[in-house]
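Secondary and tertiary structure notes
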Amino acid sequence: MKTTVSTPLNYLGCSLWVTYNPFPEYQDLSPSGETDFMAYLFIGSTGDRAGHSLLTWALAQKLVEKGLKIGFVKPFGTDPLFVQGAWTDHDAYLFKEALHLAEPMERICPFLVSDETWRQKGNDELMNDFRSLAEELSEGKDILLVMGSKHIFFDDAACPIPDISFIPELRA
């Protein structure tokens with residue numbers, strides 16, 4: 001039985017794909033009330049400067065205020081930033097700091113478009129690596145925010161895997 005549903009939302013030029021379990025009776029609850037079910041929230045942009053960083057930050061803050069444990073990952077870093085002696089993505093650094101994430105930057109943003117080393121892998125291998133990483137980053141979290149790069153519906157030459165491909169791969 002399928003126990004997850006993906007719902008698309010469009011808000012202020014940003015596409016949100018929310019995955020949730022509409023059948024709470026099928027969730028495995030621990031004595032503390034925690035569930036084994038993981039929710040992925042994919043946030044993608046429908047255009048340049050659409051505000052998906054701001055929207056993602058606002059959602060993250062609201063979810064934290066509600067007491068949820070939030071994780072963050074941005075598969076492809078498109079806005080390079082040099083911090084603490086290494087290159088990373090601006091959004092990845094922002095969310096690491098804002099959410100006080102313990103994970104290292106190279107896990108929060110595994111593929112920088114300015115780095116050529118990952119380009120030697122095929123798309124299937126990249127997607128498998130990312131799926132494993134997303135599962136790892138979701139451990140101990142209620143929701144893993146997955147932030148797209150620039151355009152959810154269009155291919156970007158800098159990113160070999162279109163943002164929209166992450167939604168079915170994560171069942172988000």
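Residues numbered from 1 in each chain as written. Predicted model: local features only at pLDDT ≥ 70, side-chain atom pairs only at ≥ 80, totals over all residues. Heavy atoms only, no water.

**Points about the overall build of the chain**
When you go through the chain residue by residue, the secondary structure sums to five helices and nine strands. Traced from its N-terminal end to its C-terminal end, the chain shows the element sequence β-β-β-α-β-β-β-β-α-α-β-α-β-α. Evaluated residue by residue, the chain yields a buried proportion of 41% over its 172 residues. A sequence separation of at least 24 residues applies to 63% of the contacts in the chain between residues at least 6 apart. (Helix = DSSP H or I, 4+ residues; strand = E, 2+ residues; numbered from the N terminus. Buried < 20%, exposed > 50% of the residue type's maximum accessible area, 1.4 Å probe, protein only. Contact = heavy atoms within 4.5 Å.)

**As for the packing of helix α1 (residues 52-65) against helix α2 (residues 90-98)**
The angle between the axes and the distance between the axes are what describe a pair of packed helices. For the pair α1 and α2, interaxial distance at closest approach is 11 Å and the crossing angle is 15°. Taken together, α1 and α2 sit at an angle that is classed as roughly parallel. The crossing of α1 and α2 is right-handed. Touching Ser 53, Thr 56, Trp 57, Ala 60 and Gln 61 of α1 are Asp 91, Phe 95 and Ala 98, all from α2. Looking at the contact of α1 with α2 residue by residue, the classes come out as four nonpolar, three polar and one charged. (Axes fitted to C-alpha atoms, helices over the stretch in contact; angles between N-to-C directions. Parallel < 35°, antiparallel > 145°, perpendicular 65-115°, else oblique. Left-handed = near helix turned anticlockwise from the far one by under 90°. Nonpolar A, V, L, I, M, F, W, Y, C, P; charged D, E, K, R; others polar.)

**Brief notes about α1**
A rise of 1.5 Å per residue sets the reference length of α1, with its 14 residues, at 20 Å; its end C-alpha atoms lie 20 Å apart and thus fit the reference within 8%. Here α1 has its buried residues at His 52, Leu 55, Thr 56, Ala 60 and Leu 63. Take α1 and look down its axis: the buried residues cluster within an arc of 135°, on one side only. Of the exposed residues in α1, those oriented more than 90 degrees away from the buried face are Leu 54 and Glu 65. (Expected span 1.5 Å × (residues − 1). Arc of directions from axis to C-beta.)

**What about the side chain of His 52?**
Mapped onto the elements of the fold, His 52 is located in helix α1. Taking relative accessible area as the criterion, His 52 reaches 8% and is therefore assigned buried. Within the local environment of His 52, its side chain forms a polar contact with the backbone oxygen of Gly 148, the two atoms lying 3.1 Å apart. (Polar contact = N/O pair within 3.5 Å; in protein donor to acceptor, adjacent residues only side chain to side chain.)

**Section: the pairing of strand β3 (residues 39-45)**
β3 sits mainly inside the fold: seven of its seven residues count as buried. Covered by surrounding structure in β3 are Ala 39, Leu 41, Ile 43 and Ser 45 together with Tyr 40, Phe 42 and Gly 44, the residues of both alternating faces. Sheet topology note: the β3/strand β9 (residues 143-147) ladder contains five bridges and is parallel. Within β9, the position partnered with Leu 41 by the bridge is Leu 145. (Pairing = 2+ DSSP bridges.)

**Observations concerning the packing of aromatic side chains**
The full count for this structure, using the stated rule, is three aromatic pairs. A centroid spacing of 4.3 Å and a plane angle of 10° characterise the contact between Phe 72 and Phe 95, whose relative ring orientation is stacked. Of this pair, Phe 72 sits in strand β4 (residues 70-73) while Phe 95 sits in helix α2, placing them 23 residues apart in sequence. Judged on exposure class, the residue Phe 72 and its partner Phe 95 are both buried. (Phe/Tyr/Trp six-rings, centres within 6.5 Å; stacked < 30°, edge-to-face > 60°.)

**Here's the deal with the environment of Ala 98**
Residue placement: Ala 98 occurs in helix α2. Here Ala 98 is in contact with Trp 57 and Gln 61, once residues within four sequence places are set aside.

**Here we look at the pattern of salt bridges**
One pass over the full model with this rule turns up six salt bridges. Salt-bridge contacts for Lys 141 lead to Glu 103; the nearest nitrogen and oxygen are separated by 3.1 Å. You can see Lys 141 sitting in the loop between α4 (123-138) and β9 and its partner Glu 103 sitting in the loop between α2 and α3 (105-108), a full 38 residues away along the chain. Per residue, the accessibility class of Lys 141 equals that of Glu 103, and both read buried. Linking Arg 107 and Glu 136 is a salt bridge whose minimum nitrogen-to-oxygen distance equals 2.7 Å. Highlighted residues: Arg 107 in helix α3 and Glu 136 in helix α4, separated in sequence by 29 residues. (Salt bridge = Lys/Arg side-chain N within 4 Å of Asp/Glu carboxyl O.)

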